[in-house]
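Report on the structure
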Amino acid sequence: MADYAKIIEELEGIAVEDNPALVKQKSRDFYWYSPILKEELDNVVGDLVVSPTTEEEVIRVLKVAYAHGVPVTPRGGGTGNYGQAMPLSGGIVLNLINMNKVKEILPGRVICEPGIIISELDRQTKVHSGQELRFHPSTKQTASVAGFIAGGSGGVGSITWGGLRDLGNILRLRVVTMEAEPRVLELSAWDLQKVSHAYGTNGIITEVEMPLAPAYDWVDVIVGYDEFMDAVKFADALSHKNGILLKEVAPIAAPIPFDYFTRHKPWLKEGQSVVVLMVAPHSMEPFLALAERMKGDVRFRSDQVESMKGIPHAYELTWNHTTLRALKLDTNITYLQVQYPGPDHVEKVRVMTELFPDEVIGHLEFIKFDGQIQCAGLPLVRYTTKERLEEIISIHEENGCPIFNPHRYTLEEGGMKQTDQVQLAFKKETDPKGLLNPGKMIAWENPDFDFSAGKNYLFPGLEVFA
Ligand code: FAD
């Protein structure tokens, strides 16, 4: 057991919290979305929460933690879904939310600290020069920019700009290493892949430079269809129209909209599936022309309601907010993350939809993937047992629809089920004692783990919380 009294003493001048209730609160994220992670991680808790306000303070914390051999798990808004920000070996939760300043706004880019909440970042760039981030998670109001980079993948705007791992969608990061004498590294271009979506396992991000796009007063639109596949075909045709500027295209199957989008209910029709959209104001006319031609039933337009007071943004009906809205009303719901590789993605969606009537309910996000329009899915699943969930996953994969498993806390099992050699090599350089966010990178903990054996990885360190 580390000497936390001594550690607190050595961190003098930096905000430290050891009140067990508050530490527990900051040791959680949205892991409970998954009934499996809920069971596995429910007792996980850190020992201290440390909240630096400058890069110098981050360096001091890492130096002290390294000397004491104490794990450090970084945390932004704590909105990750897979226990990413949960300290599986206890230790320090490094709360970066107070490092929240915008440093410089330039044409096409912004430089800021890691903990700024994304909606605040967008607000400042919009006021400054009519610019905004190219895309953001649906948790824009609560997630930090570095948490998104280290834990997220894409979101609202990915229909035009692709994902975080696409070259050019992050410009530069400053990263502090976990060594006896922590170093500050500047990463750009290919090197960014070392830390983007690495769950903070190989460095603490202390400065971010992100590209910007022109900001618009996006119009929220909901278009209804009696058949889910007609909604999907409309979304696909619309996403392929080069001239119509969109920020969000999400087909969502009945009964999700009418049952779970409670604030939009007055505009929705029971039994209809919908496409939830964000359309640039100057694209509304051509957009409506296409919707009319494809017999879409335009149910809601934010530019035509008297007041948006009390009505959530359209993006808060999409991505993992769709799951959240369902979970609020039905705790038996869970979800999957599916890729439907193109160019026959619409056909793949049709096959999957027909295989699981009423059990797997369609929710798609149209995105640009390597320059091509495709769709990813976050379908809702009426959960029965772990075994059935695994079976549903296998059936998807057998049908050419890979699953990014949201019921696992490791990078590999939630991703491509293989070692990321770039991230592993970087960790060897930056975190020789393996103290950063332990348990999240299987390749580090157990280099011989056999992904093809179909077994789940269980981090031995978790036993202390059993
Ligand atoms: P946290 O949850 O605090 O951290 C995420 C990961 O980043 C953790 O591993 C943490 O250790 C690490 N980390 C945090 N800060 C740093 C740092 N400074 N340096 C190094 N590592 C760090 N994700 C998407 O990609 N797109 C979506 O549209 C989306 N929608 C969501 C909707 C809901 C309702 C929920 C609950 C989640 C959603 N997510 C989505 C997942 C999550 O919100 C995003 O990944 C979010 O951007 C995480 O930001 P955060 O600040 O909350 O990060």
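Above this note sits the structure.
Everything quoted here is computed from the prediction, not taken from an experiment.

Among the nonpolar cores identified, the biggest contains 93 residues, and Leu41, Phe234, Leu277, Phe287 and Phe366 are the most heavily contacted of them. For this core, the leading source of residues is helix H8 (residues 228–239), giving seven residues. Excluding anything up to four places from it in sequence, Phe234 contacts Val223, Tyr225, Val275, Leu277, Phe287, Leu290, Ala291 and Met294. Among the nonpolar cores identified, the runner-up in size contains 27 residues, and Ala143, Ile170, Val208 and Leu212 belong to it.

The next point concerns helix H14 (residues 421–430). Where H14 is concerned, the buried positions are Gln423, Leu424, Phe426, Lys427 and Thr430. Considered in projection along H14, the buried side chains sweep an arc of 165° and stay on one side of the axis. In this structure, H14 carries Gln421 and Lys428 as exposed residues pointing more than 90 degrees from its buried face. Packing partners of the buried residues in H14 comprise strand S9 (184–188) and helix H15 (442–445). The opening residue of H14 is Asp420, an N-cap whose side-chain oxygen sits 3.1 Å from the backbone nitrogen of Val422.

Quick look at the sheet that holds strand S11 (residues 219–225) now. The sheet built from four strands is open, its strands ordered S12-S13-S11-S14 with antiparallel pairing. A strand with exactly one partner marks an edge of an open sheet, and here the two such strands are strand S12 (246–252) and strand S14 (297–301). Here the average twist between neighbouring strands, direction ignored, is 20°. In this structure, S12 lies alongside strand S13 (residues 273–279), joined through six bridges in antiparallel fashion. Counterpart to Ala250 in the pairing with S13 is Val276. Packing of H8 onto the sheet brings it into contact with S11, S12 and S13, and relative to S12 it is tilted by some 160°.

Our next topic: the packing of aromatic side chains. As enumerated under the stated definition, the model contains eleven aromatic pairs in all. On the numbers, 5.7 Å between centres and 40° between planes, the contact of Tyr225 with Phe234 is tilted. When its relative accessible area of 6% is taken as the criterion, Tyr225 is described as buried. Each member of the aromatic cluster is reached from another via a ring pair, and the members are Phe30, Trp32, Tyr33 and Tyr335. The ring of Phe258 is capped by Lys265, whose NZ or CZ atom sits 4.6 Å from the centre of that ring. The lysine or arginine in question, Lys433, covers the ring of Tyr66, its NZ or CZ lying 4.1 Å from the ring centre.

In this structure, Gly362 sits in the loop between strand S17 (360–361) and strand S18 (364–369). Overall, Gly362 belongs to the buried group, its relative accessible area being 12%. Put simply, Gly362 and Pro251 are 111 residues apart on the chain and 7.8 Å apart in space, counted from C-alpha to C-alpha. Ignoring anything within four residues of it in the chain, the contact list for Gly362 reads Phe228, Pro251, Ile252, Ala253 and Ile256.

Basis of the calculations
- Residues numbered from 1 in each chain as written.
- Predicted model: local features only at pLDDT ≥ 70, side-chain atom pairs only at ≥ 80, totals over all residues.
- Heavy atoms only, no water.
- Core = buried A, V, L, I, M, F, W, Y, C linked by side-chain atoms within 4.5 Å.
- Buried < 20%, exposed > 50% of the residue type's maximum accessible area, 1.4 Å probe, protein only.
- Helix = DSSP H or I, 4+ residues; strand = E, 2+ residues; numbered from the N terminus.
- Contact = heavy atoms within 4.5 Å.
- Arc of directions from axis to C-beta.
- Polar contact = N/O pair within 3.5 Å; in protein donor to acceptor, adjacent residues only side chain to side chain.
- Pairing = 2+ DSSP bridges.
- Axes fitted to C-alpha atoms, helices over the stretch in contact; angles between N-to-C directions.
- Phe/Tyr/Trp six-rings, centres within 6.5 Å; stacked < 30°, edge-to-face > 60°.
- Lys NZ or Arg CZ within 6 Å of the ring centre and 35° of its normal.

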